[in-house]
Amino acid sequence: MLEQKKIAGTDINISPLGFGTVKLGRDQQVKYPSGFKIPDDREAIALLQLARELGINLLDTAPAYGSSEERLGKLLGNKRQDWVICSKVGEEFENGQSRFDFTPEHIRFSIQRSLKRLNTDYIDMVLLHSSGDDVNIIQQYGCLEVLEDLKKEGLIKASGMSTKTIEGGIMALERSDIAMVTYNLNEQAERPVLDYAQSNNKGILIKKALASGHACLEGKDPVYESMKLVFSHPAVSAAIIGTINPQHLKQNVEKVYQVLQN
Ligand code: NAP
């Protein structure tokens, strides 16, 4: 079983492995090594049950992941309390294309919509879903301050940003709780964000820990090596890995467990 730990600077306890849900809701404009079929309800429920049995309590979703939020709301049923849910705001995926809106009005609208879709009255973490223009988004719209207000109103428990730059990651951590950062065997450029988080008691979640699956295409024991890299940095609270294959899910938990035991 995976041991849960508090995300630095928050009261939120999560497992070191999170379950990414892009593939539960979206199959267009994704960068995976091969095509896939979105799991039906029976398959998705089985994956969620297996994840929970293996000790995973963190779910990562977003309005931009197609039907992911809505499906989770339906599929979790009365089990919502068993999970810590991370969702996002700012990116919309419509008619096969992304568009971005970080205005305060859109943020409030989007979070109310996520609450409805997820069938809940609070979301554990909400992150700005960056287009890549991290610093501008933070400076221009005051959106991290809007998330702070939503925290005070009790609609969300923690705030942050899924970033794509070092400057943006650090700026987000100066003004919120958590940064979600890319860090894998192929890409480690954003490591200074992890270092900043470590020195300032802030939370780090890792996205694309397997380089969207590309890291698994070569090398000996790539999942183990990927997890060894990710968890060698003490700032990391969890790696969010997306899988719709139960065997991969089991393997990922096993490798995280092995790495954390060593
Ligand atoms: P990832 O977790 O690095 O890789 C997922 C891919 O790896 C899937 O295609 C999966 O295929 C494959 N995989 C998983 N475990 C495997 C294993 N043991 N062996 C072989 N292949 C394996 O990348 P990601 O899906 O891009 O990102 C993960 C999650 O992070 C997403 O679901 C999402 O929640 C979040 N994310 C956030 C952002 C953002 O901007 N905030 C961006 C990207 C992703 P199978 O399904 O076949 O296992």
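Everything below is about the structure shown above.
*Asks:* Help me understand the nonpolar core in this model?
*Replies:* General note: in soluble globular proteins, nonpolar side chains tend to be found buried as a group. Formed by 63 residues in total, the largest nonpolar core has its most connected members in I56, I107, L128, L147, I204 and M227. Non-local contacts of M227, meaning those with residues more than four positions away in its chain, are made with A209, L210, A239, I241, K255, V256 and V259. Among the nonpolar cores identified, the runner-up in size contains 14 residues, and I12, L58, V84 and L205 belong to it.

*Asks:* Help me understand helix α4 (residues 104-118), please; the structure alone is not making it clear to me.
*Replies:* One turn of an α-helix holds 3.6 residues; hence residues three or four places apart share an orientation. Here α4 is 15 residues long and its end C-alpha atoms lie 21 Å apart, about the 21 Å a rise of 1.5 Å per residue gives. What α4 keeps buried is the set H106, I107, S110, I111, R113, S114, L115 and L118. Contact partners of the buried residues in α4: α3 (68-76), β5 (84-89), β6 (91-94), β8 (123-129), α6 (143-152) and β9 (156-162). Backbone geometry just after α4 places N119 at a positive phi near 55 degrees.

*Asks:* Looking at this structure, how should I read the pattern of salt bridges?
*Replies:* When their charged atoms lie close together, side chains carrying opposite charge are able to pair. In this structure the tally under the stated criterion is 14 salt bridges. Across the pair R113 and E92 runs a salt bridge, and its minimum N-O distance is 2.7 Å. Taken together, the residues R113 in helix α4 and E92 in strand β6 connect sequence positions 21 residues apart. Of the two residues examined, R113 and E92, each falls in the buried class. Each of D41, R71 and K74 takes part in one network of salt bridges that share partners.

Rules behind the numbers
Residues numbered from 1 in each chain as written. Predicted model: local features only at pLDDT ≥ 70, side-chain atom pairs only at ≥ 80, totals over all residues. Heavy atoms only, no water. Core = buried A, V, L, I, M, F, W, Y, C linked by side-chain atoms within 4.5 Å. Buried < 20%, exposed > 50% of the residue type's maximum accessible area, 1.4 Å probe, protein only. Contact = heavy atoms within 4.5 Å. Helix = DSSP H or I, 4+ residues; strand = E, 2+ residues; numbered from the N terminus. Expected span 1.5 Å × (residues − 1). Salt bridge = Lys/Arg side-chain N within 4 Å of Asp/Glu carboxyl O.

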